[in-house]
Amino acid sequence: MTDHPLVQMRGITKRFGGVTALQDVNLEAYAGEVLAIVGDNGAGKSTLIKILTGVYQPSEGEIFLDGQPLEMASHSDAIAQGIDAVYQTLALADHLTPAANMFLGTELTRKVAGIEFLDNRRMKSEAARVLDERLGVRLRSMDVTTDSLSGGQRQAVAIARAVYHEDLRVLVMDEPTAALGPQETARTLKLIKALREQGLAVILISHSLDDVFEVADRVHVQRRGRRVGVVETANSTVQEVLGLIVGAPANDAA
Ligand SMILES: Nc1ncnc2c1ncn2[C@@H]1O[C@H](COP(=O)(O)OP(=O)(O)OP(=O)(O)O)[C@@H](O)[C@H]1O
Ligand SMILES: [Mg+2]
């Protein structure tokens, strides 16, 4: 972990009409760490990361990358800065192979006698290489359609696409294990750790404090639109974080 945050949100407020979804929220994420964001339903977790990924613009507040202010008018502006998000409901084409999904719109080609052909063999080997080397994921076969993959494998394909095409520095995952069984969850947590080892800042939104304490370095706790605490998993407990989430007074001996 470096001593300056890679990405920093300062004084973020977001209003939707009369609803204040976020009130004066700060967030810091460092290169080479996993930062979890936890909080009850409606605490503002998704809104916060949609602002970080350029999907929403804040009503007030600023975002800095490497200490430089970021102006983001759209999600593609965030991608251009190396900030992206992967959702469980991924934009994958079900009837295409993992490799075709990874190279959708950016197909690799080769020329034979001056004529351009799709280089399917290289796309397949590149896709397999990125999945294996960057994410530690090996699919049983690359010659399958994406709808036959498990939820965790589909997620890996979507992350591999971002890792391959973008100079990815900050990856946000909103509830990546919510629909996964125990084995797939373990694989996804392993993949998150691999990305951390490669120096990314991984921001993980999760309702599972087991997952959070397994994989995260620090935990940002949201409650009713505000950040109510940041703890290090090494120096905290599930009980302490739960207390922050529900707003219980600390050490209340009632
Ligand atoms: N597009 C929107 N228009 C109006 N209100 C919104 C919009 N998006 C979010 N909100 C409100 O902002 C608040 C925070 O919502 P948000 O989705 O960020 O919560 P969350 O922490 O992600 O919750 P969950 O755990 O249920 O996913 C809620 O009160 C929600 O109703
Ligand atoms: Mg949410």
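Along each chain, residues carry numbers from 1 onward, in the same order as the chain's sequence is written. Here the convention is simple: chains get letters from A, ligands get numbers from 1, in the order in which they are written. Selection of residues for local features in this predicted model requires a pLDDT of at least 70, selection of side-chain atom pairs for listing and counting requires 80 or more, and totals for whole chains, interfaces and linings are taken over all residues. Neither water nor hydrogens contribute to the side-chain values; these are computed over all heavy atoms in the structure.

As named in an unreviewed UniProt entry, the protein is Ribose import ATP-binding protein RbsA, taken from Tritonibacter multivorans.

A. Structural detail: the sheet that holds strand 1 (residues 7-16). Strand order across the open sheet formed by four strands is 2-1-4-5, with antiparallel pairing between neighbours. Single-partner strands in this sheet number two, and they are strand 2 (19-29) and strand 5 (68-69). Two strands pair when backbone bridges link them, and strand 4 (residues 60-65) and strand 5 are joined in this way by two bridges, in the antiparallel orientation. Each bridged residue has a counterpart across the sheet, and for F64 the counterpart in strand 5 is P69. One bridge is not enough; two strands pair if DSSP finds at least two bridges between them. A run of H or I in DSSP becomes a helix once it reaches four residues, and a run of E becomes a strand once it reaches two; helices and strands are each numbered from the N terminus.

B. Here's a closer look at the environment of P98. Positionally, P98 belongs in helix 3 (residues 98-102). It is 6.9 Å that separates the C-alpha atoms of P98 and T145, two residues lying 47 residues apart in sequence. Whether two residues are in contact is decided by their heavy atoms, any of which lying within 4.5 Å being enough. Discounting chain neighbours no more than four positions away, the residues touching P98 are L139, M142, V144, T146, L149 and V157.

C. Layout of the sheet that holds strand 12 (residues 226-232). A sheet is described by the order of its strands in space; here six strands give the open sequence 6-9-10-3-11-12, paired in mixed fashion. Each edge of the open sheet is held by one strand with a lone partner, namely strand 6 (83-87) and strand 12. Here the average twist between neighbouring strands, direction ignored, is 20°. Two elements, strand 11 (residues 218-223) and strand 12, share six bridges in a ladder whose sense is antiparallel. Considered in strand 12, the bridge of H220 is made with V230. Here the axes come from fitting lines to C-alpha atoms, over the contacting stretch only for helices, and the angles between their N-to-C directions go from 0 to 180 degrees. Its contacts with the sheet put helix 6 (residues 182-197) on strand 3 (33-38), strand 9 (170-174) and strand 10 (201-205), and the angle it makes with strand 10 is roughly 150°.

D. Summary view of the domain arrangement of the protein. In terms of domain boundaries, the protein breaks down into domain 1 (1-82 + 168-254) and domain 2 (90-166). Where each domain begins and ends is defined by an automated method or by a domain database. Here domain 1 and domain 2 have C-alpha centroids that lie 28 Å from each other. The interface of domain 1 with domain 2 comprises 14 residues on the first partner and 15 residues on the second. Here's the idea: put two parts together, see how much 1.4 Å probe accessible area each one loses, and the total over both is what we call buried area. Around 1,100 Å² of area is buried between domain 1 and domain 2 when both sides are counted, 58% of it from carbon and sulfur atoms.

E. Molecular detail of the side chain of R154. Residue position: R154 is located in helix 5 (residues 151-165). With a relative accessible area of 17%, R154 lands in the buried category. Polar contact criterion, stated in full: a pair of N or O atoms within 3.5 Å, where within protein one must be able to donate a hydrogen and the other to accept it, and residues adjacent in sequence count only if both atoms are side-chain atoms. In terms of polar contacts, R154 uses its side chain to reach the side chain of D94, at 3.1 Å. Burial classification: accessible surface area is computed with a 1.4 Å probe over protein chains only, and a residue below 20% of its type maximum counts as buried, one above 50% as exposed, and the rest as partly exposed.

F. Inspection of the site of ligand 1 at higher detail. We call a residue near a molecule or strand when any one of its heavy atoms sits within 4 Å of it. Around ligand 1, the surrounding shell consists of F16, A21, D40, N41, G42, A43, G44, K45, S46, T47, Y56 and H207. Between an oxygen atom of ligand 1 and a side-chain N or O atom of N41, the distance comes to 2.9 Å. The backbone of G44 places a nitrogen or oxygen atom 3.0 Å from an oxygen atom of ligand 1. For ligand 1, whose free accessible area comes to 630 Å², the fraction covered by protein is 60%. For the area figures, the Shrake-Rupley method with a 1.4 Å probe applies, and any residue is considered shielded solely by the protein chains shown.

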